[in-house]
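Structural overview for review
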Amino acid sequence: MKLHILPAGLGQFFLLEDPHGLFLIDCSTPGKEDVLLAKLRELGRSDLKLIWITHAHYDHYGSAAALRRLTGARIGAHPADADDLARGGSPLGSPRGYGFLYLLGQPLARRIHPLPPAPPDFTLEDGETLERFGLEATVLHTPGHTPGHTCLLLANGTAFAADLIGSPRRPHAQNLLATDWRQIPPSLAHLQAAHPQVVYMGHSRRPITGQALQGIRP
Ligand SMILES: [Zn+2]
Ligand SMILES: [Zn+2]
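What comes next concerns the included structure.

Here is what the cut-offs are and how they apply
- Residues numbered from 1 in each chain as written.
- Chains lettered and ligands numbered in written order.
- Predicted model: local features only at pLDDT ≥ 70, side-chain atom pairs only at ≥ 80, totals over all residues.
- Heavy atoms only, no water.
- Donors = N, O, S within 2.8 Å, 3.2 Å for Na, K, Ca; no water.
- Helix = DSSP H or I, 4+ residues; strand = E, 2+ residues; numbered from the N terminus.
- Buried < 20%, exposed > 50% of the residue type's maximum accessible area, 1.4 Å probe, protein only.
- Phe/Tyr/Trp six-rings, centres within 6.5 Å; stacked < 30°, edge-to-face > 60°.
- Lys NZ or Arg CZ within 6 Å of the ring centre and 35° of its normal.
- Tetrahedral: all angles 85-135°; square planar, octahedral: opposite > 155°, others 65-115°.
- Axes fitted to C-alpha atoms, helices over the stretch in contact; angles between N-to-C directions.
- Left-handed = near helix turned anticlockwise from the far one by under 90°.
- Contact = heavy atoms within 4.5 Å.
- Nonpolar A, V, L, I, M, F, W, Y, C, P; charged D, E, K, R; others polar.
- Pairing = 2+ DSSP bridges.

1. Digging into the coordination of the zinc ion (ligand 1)
Here the zinc ion (ligand 1) is held by the protein donor atoms His-55 (NE2), His-57 (ND1), His-145 (NE2) and Asp-163 (OD), which lie 2.1 to 2.2 Å from it. Donor residues binding the zinc ion (ligand 1) come from one chain and are separated in sequence as H-x1-H-x87-H-x17-D. Between the zinc ion (ligand 1) and the zinc ion (ligand 2), the interatomic distance is 3.3 Å, and Asp-163 donates to each metal, bridging them. You can see His-55 sitting in the loop between β4 (48-52) and α2 (58-61) and its partner His-145 sitting in the loop between β8 (137-141) and β9 (150-154), a full 90 residues away along the chain. Residue class for His-145 comes out buried when judged on its relative accessible area of 3%.

This is the structure:
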């Protein structure tokens with residue numbers, strides 16, 4: 001299993017390349033589908049099977065609907081974010097620190113590049129796996145940033161923590177935006193209890209070690 005991280009605008013694509021299929025985690029902002037399509041051409045592959053959306057935010061599913069249309073891949077997410085995905089929602093909750101900048105910036109971004117709705121084809125709860133798509137990965141429900149925020153844990157010990165964790169230099173739990181701040185500490189504990197070896201975050205190309213994850217205090 002090979003991981004390609006494709007930065008695109010405010011977000012990025014995490015593309016998992018396996019001999020029997022390609023799997024995508026998150027879809028950046030609207031209008032970035034060409035970044036992913038160029039990578040598929042470079043790889044000489046057209047078998048994108050799955051798009052897992054970690055949460056219903058503008059910078060994580062913006063290009064999901066276009067990629068489903070262009071590749072036929074199925075979109076999956078946690079049920080608690082399904083309604084927002086279906087109506088083009090991107091709930092920012094109550095900001096802390098400079099998180100208020102997102103409240104100012106998102107409406108502007110949405111006016112320039114509207115957020116296409118991306119109703120999921122299927123939903124998975126905490127502890128369920130993506131094995132029926134050929135991907136050995138478990139869904140960890142880690143709410144707080146959004147109600148249906150999830151982390152994905154691969155069988156090889158690699159985790160994708162999306163926006164639960166920030167900053168590779170000084171890793172910390174989400175401290176800018178949450179729909180429910182009380183859920184962040186137990187969600188961090190939930191990811192820590194899964195003991196991943198390597199952890200990728202939603203807005204960094206560089207992962208942190210499992211040891212660094214264990215050192216994060218809520
Ligand atoms: Zn987010
Ligand atoms: Zn994000």
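2. Regarding the packing of aromatic side chains
Under the defined criterion, the tally for this structure stands at five aromatic pairs. Judged by centre distance (6.3 Å) and plane angle (65°), the ring pair of Phe-14 and Tyr-200 falls under edge-to-face. Taken together, the residues span a long stretch of sequence, with Phe-14 in strand β2 (residues 11-18) and Tyr-200 in strand β14 (residues 198-200) at a distance of 186 residues. Summarising the burial analysis for this pair, Phe-14 and Tyr-200 share the class buried. Taken together, a centroid distance of 5.6 Å and an interplanar angle of 15° make the contact between Phe-160 and Tyr-200 stacked. Note that Phe-160 is positioned in strand β10 (residues 158-160) and Tyr-200 in strand β14, a separation of 40 residues in sequence. Residue classification places Tyr-200 among the buried positions, given a relative accessible area of 15%. Among the aromatic residues, those joined into a cluster by ring pairs are Phe-14, Phe-160 and Tyr-200. A cation sits over an aromatic face here: Arg-132 above Phe-122, 4.9 Å from the ring centre.

3. Digging into the coordination of the zinc ion (ligand 2)
Every protein donor of the zinc ion (ligand 2) is accounted for by Asp-59 (OD), His-60 (NE2), Asp-163 (OD) and His-203 (NE2), and the metal-donor separations fall at 2.0 to 2.7 Å. Relative to the metal, the four donor atoms surrounding the zinc ion (ligand 2) lie at angles of 82 to 151°, and the coordination shape comes out irregular. In primary-sequence terms, the residues that donate to the zinc ion (ligand 2) follow D-H-x102-D-x39-H.

4. What about unusual backbone geometry?
With a phi angle near 70°, Asp-26 is a residue other than glycine that sits in the positive phi range. By the element assignment, Asp-26 lies in the loop between β3 (21-25) and α1 (33-43).

5. Here we look at the packing of α1 against helix α3 (residues 64-71)
As a packed pair, α1 and α3 sit with axes 9 Å apart at the nearest point and diverge in direction by 40°. Crossing angle aside, the handedness with which α1 passes α3 is right-handed. Each of Glu-33, Leu-36, Leu-37 and Leu-40 in α1 lies in contact with α3, whose residues at this interface are Ala-66, Leu-67, Leu-70 and Thr-71. Taken together, the residues of the contact of α1 with α3 sort by class into six nonpolar, one polar and one charged.

6. Thoughts on the pairing of strand β1 (residues 2-8)
For β1 and β2, the ladder comprises seven bridges, and the chain directions are antiparallel. Bridge assignment links Leu-3 to a residue of β2, and that residue is Leu-16. From the end of β1 to the start of β2, which pair antiparallel, there are two residues, and Gly-9 there has a positive phi angle of about 65°.

7. Details of the sheet that holds β14
Ordered by their spatial adjacency, five strands build an open sheet running β8-β9-β10-β14-β15, and the pairing between neighbours is mixed. Each edge of the open sheet carries a strand with a single partner, namely β8 and β15 (208-209). Bridge count for β8 against β9 is five bridges, and the pairing is antiparallel. Pairing of Leu-140 across the sheet is with Cys-151, part of β9.

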